[in-house]
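Chains, contacts and geometry: an overview
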Amino acid sequence: MRIAIVGAGIIGVTTAYELAADGHEVTVFERRGAAAEETSFANAGVIAPGAVTPWAAPGMPAKVAKYLFSAHAPVRLAFPLTVHELRWMWQWWRACRLDLYLANRARLQRLAFYSRARLHRLTEDLELEYDRSPGYMVLLRSEKDARLVQPGLQVLRDAGVPFSEIGAAQARTVEPALNPDTGFLGAIHLPEDEVGNCRQFALLLKNVAQGLGARFEFNTTVAPLDSAAPASLLVVAADGAAQRREFDAVVVCGGVDSAALLRPLGMQVPLAAVHGYSISAPIREALNAPRSALMDERYKVAISRMGNRVRVAGSAEIGGAPGARRPAAIQTLYKVLHDWFPGAAQLSNTGAGVQEWKGARPMLPDGPPLLGATGIPGVWINLGHGSSGWALSCGSARAVADLMSGRAPEVDIEGLGVERLFG
Ligand SMILES: Cc1cc2nc3c(=O)[nH]c(=O)nc-3n(C[C@H](O)[C@H](O)[C@H](O)COP(=O)(O)OP(=O)(O)OC[C@H]3O[C@@H](n4cnc5c(N)ncnc54)[C@H](O)[C@@H]3O)c2cc1C
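An account of the accompanying structure is given in this report. From a predicted model like this one, the values you see are computed outputs, not experimental measurements.

1. Focus on the sheet that holds strand 12 (residues 249–252)
- Pairing is mixed across the open sheet formed by six strands, whose spatial order is 8-2-1-12-19-18. Sheet topology places strand 8 (215–217) and strand 18 (370–373) at the edges, where each strand pairs with a single neighbour. Neighbour-to-neighbour, the strand axes of this sheet turn through a mean angle of 20°, independent of strand direction.
- Where strand 1 (residues 2–6) meets strand 2 (residues 25–29), five bridges bridge the pair, whose relative direction is parallel. Within strand 2, the position partnered with Ile3 by the bridge is Val26.
- This element, helix 1 (residues 10–21), spans strand 1, strand 2, strand 8, strand 12 and strand 19 (379–383) of the sheet and lies at about 165° to strand 1.

Right, dumping it as structure tokens:
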């Protein structure tokens, strides 16, 4: 088939690779000048399938309400919210029901474990060399943090994820550079989880896909799909020249902007941009830097080793202008880095050399992504991967490629199709 893919984030690139590997004629359209320039650019890089759970969970509305009044809050609502955002919040609130949460968590975890296996397979078979380190540790500052993670630990047990609850002294043997002056209760150590550089992986896999014949057309924007001929795309080049391009099928992998692409087809995909931030800085002294990834449970901030850099990522903001950066959110990242690894990064007074980034998680209200056929001939989707798009990418892409080739995916995709939201 001649297949167009809209978007060259981690989801579009993995989809392009799998479809090209299946022998399809693939063309990827990306409005930016390179792959992984938007949300896949500088995320935390954590691959922890047992921790991939919906944000729509029982008790979350009360937590979010409480965070509204705290200084280093991990979750923020930037008022005034738009009508679209209010509707999304309402759908999110309704999806916090226990039965829906459990069903969505099972869907996410099935996909996350499958995806990690697929990621490892591709990394090995294709000899992809990107910055990655094994192991993940959730840092617990206090008894309260330890109490709050208990339901999550039950989830790990149920999923058969190996982990150990360790004291501070043992945590310091896993991560010897942890600040000796910062007292804490202990940690949850997950030796089979990992951290990897999503953008580097995307760039490498893009090259492999190109080797298989996939074409990447950068600096080209695809106009919202036309209901009269959905697989006939209006493609606009950087100089404004527009051209109609004919395909047998299109896969929408446009991250937060997927909803706008699909709207003319009568599909109202409830995607919200949940913004987060990261800072990445060169390591000043390797002995003072983390070995792999850690999560500060209180602040919900991840600290990750990315080769010669350290990355700190966190915050979840709904609403507000995409381009506006909230200084307090970035300050929280510096604070958490300083608390745990004070000498790790080269942070000059001017901030030079430190990359500060804001990204938009493409979030559906109930959690799992949507993938597969839309019911509209020729239109397929792979979108809405929220806070775990890197961890879910390789499995989602393989499943979509299988569906497009008329095969049953290896992973159970119950509840990942459009019928979940559109009946
Ligand atoms: C702070 C932060 C931390 C995170 N940490 C993690 C983590 O630890 N682990 C994890 O698994 N995930 C994490 N994520 C989530 C992850 O980054 C996202 O889920 C993932 O990057 C989404 O990928 P995507 O390809 O769907 O979107 P994107 O990377 O945004 O790609 C979509 C692409 O489509 C293009 N596009 C859109 N519309 C058009 C159009 N009309 N024409 C042409 N091109 C178009 C865009 O330019 C873009 O390049 C984090 C996110 C944030 C913000």
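2. Focus: the site of the ligand
- Around the ligand, the structure places 38 residues, and the nearest of them are Glu30, Ser40, Asn43, Gly386 and Ala391.
- The side chain of Glu30 places a nitrogen or oxygen atom 2.6 Å from an oxygen atom of the ligand.
- Here Trp390 contributes a backbone N or O atom positioned 3.1 Å from an oxygen atom of the ligand.
- In the complex, the protein chains occlude 97% of the 1000 Å² of accessible area that the ligand would expose alone.
- Counting residues per element, the ones that place at least two in the shell around the ligand are helix 1, strand 9 (220–222), strand 13 (272–282), strand 17 (355–363) and helix 10 (389–404).
- If you tally residues by element for the shell around the ligand, the top one is strand 17, at four residues.
- The residue inventory of the shell around the ligand, partitioned by class, reads 15 nonpolar, 17 polar and six charged.

3. Digging into the side chain of Glu85
- Counting through the fold element by element, Glu85 comes out in helix 3 (residues 83–94).
- No salt bridge is formed by the buried Glu85, whose closest oppositely charged neighbour, Lys358, lies at an N-O distance of 9.9 Å.

4. Let's talk about the pairing of strand 13
- Taking burial as the measure, the eleven residues of strand 13 include nine buried ones, the bulk of the element.
- Two strands pair when backbone bridges link them, and strand 13 and strand 17 are joined in this way by nine bridges, in the antiparallel orientation. By the bridge assignment for strand 17, Ala273 is matched with Pro362.

5. Structural notes on the packing of helix 4 (residues 98–125) against helix 10
- At a closest axis distance of 7 Å, the pairing of helix 4 and helix 10 adopts a crossing angle of 85°. Taken together, the axes of helix 4 and helix 10 lie roughly perpendicular to each other. Residues Leu108, Leu111, Ala112, Tyr114, Ser115, Arg116, Arg118, Leu119 and Leu122 of helix 4 form the contact with helix 10, whose participating residues are Trp390, Ala391, Leu392, Ser393, Cys394, Gly395, Ser396 and Arg398.
- Grouping the amino acids of the contact of helix 4 with helix 10 by side-chain chemistry returns ten nonpolar, four polar and three charged.

6. Things to note about the pattern of salt bridges
- Within the structure shown, the criterion is met by 28 salt bridges.
- Between Glu414 and Arg110 there is a salt bridge, and its shortest N-O distance comes to 3.6 Å. Taken together, the positions of Glu414 in the loop between helix 10 and helix 11 (419–422) and Arg110 in helix 4 put the pair 304 residues apart, joining distant regions of the chain.
- Residue Arg110 is classed as partly exposed on the basis of its relative accessible area, which comes to 29%.
- A salt bridge links Glu165 to Arg157; the shortest N-O distance between them is 3.7 Å.
- Relative accessible area serves as the criterion here: at 48%, Glu165 is assigned to the partly exposed category.
- Taken together, the shared-partner salt bridges in this structure form one network comprising Glu18, Asp22, Arg118, Arg398, Asp402 and Arg407.

7. Focus on the packing of aromatic side chains
- Counting across every chain of the model gives seven aromatic pairs.
- Here Tyr130 and Trp390 contribute two aromatic rings whose centre-to-centre distance is 6.2 Å and whose plane-to-plane angle is 80°, an arrangement assigned as edge-to-face. Taken as a pair, Tyr130 in the loop between helix 4 and strand 5 (132–140) and Trp390 in helix 10 lie far apart in primary sequence, 260 residues in all.
- By relative accessible area, Trp390 is classed as buried at 4%.

8. A closer look at unusual backbone geometry
- Each neighbour pair has its own omega, and for Phe79 with Pro80 the value is -5°, a cis peptide bond.
- Secondary-structure assignment places Pro80 in the loop between strand 4 (75–77) and helix 3.
- The backbone of Ala36 sits at a positive phi, close to 55°, despite the residue not being glycine.
- With respect to the helices and strands, the residue Ala36 is situated in the loop between strand 2 and strand 3 (46–47).
- The buried category is assigned to Ala36, whose relative accessible area is 1%.
- Unlike most non-glycine residues, Glu127 shows phi in positive territory, near 50°.

Conventions and cut-offs
- Residues numbered from 1 in each chain as written.
- Predicted model: local features only at pLDDT ≥ 70, side-chain atom pairs only at ≥ 80, totals over all residues.
- Heavy atoms only, no water.
- Pairing = 2+ DSSP bridges.
- Helix = DSSP H or I, 4+ residues; strand = E, 2+ residues; numbered from the N terminus.
- Axes fitted to C-alpha atoms, helices over the stretch in contact; angles between N-to-C directions.
- Contact = heavy atoms within 4.5 Å.
- Near = heavy atom within 4 Å.
- Polar contact = N/O pair within 3.5 Å; in protein donor to acceptor, adjacent residues only side chain to side chain.
- Areas by Shrake-Rupley, 256 points an atom, 1.4 Å probe, with all protein chains shown as cover.
- Nonpolar A, V, L, I, M, F, W, Y, C, P; charged D, E, K, R; others polar.
- Buried < 20%, exposed > 50% of the residue type's maximum accessible area, 1.4 Å probe, protein only.
- Lys, Arg positive; Asp, Glu negative; His and termini not counted.
- Salt bridge = Lys/Arg side-chain N within 4 Å of Asp/Glu carboxyl O.
- Parallel < 35°, antiparallel > 145°, perpendicular 65-115°, else oblique.
- Phe/Tyr/Trp six-rings, centres within 6.5 Å; stacked < 30°, edge-to-face > 60°.

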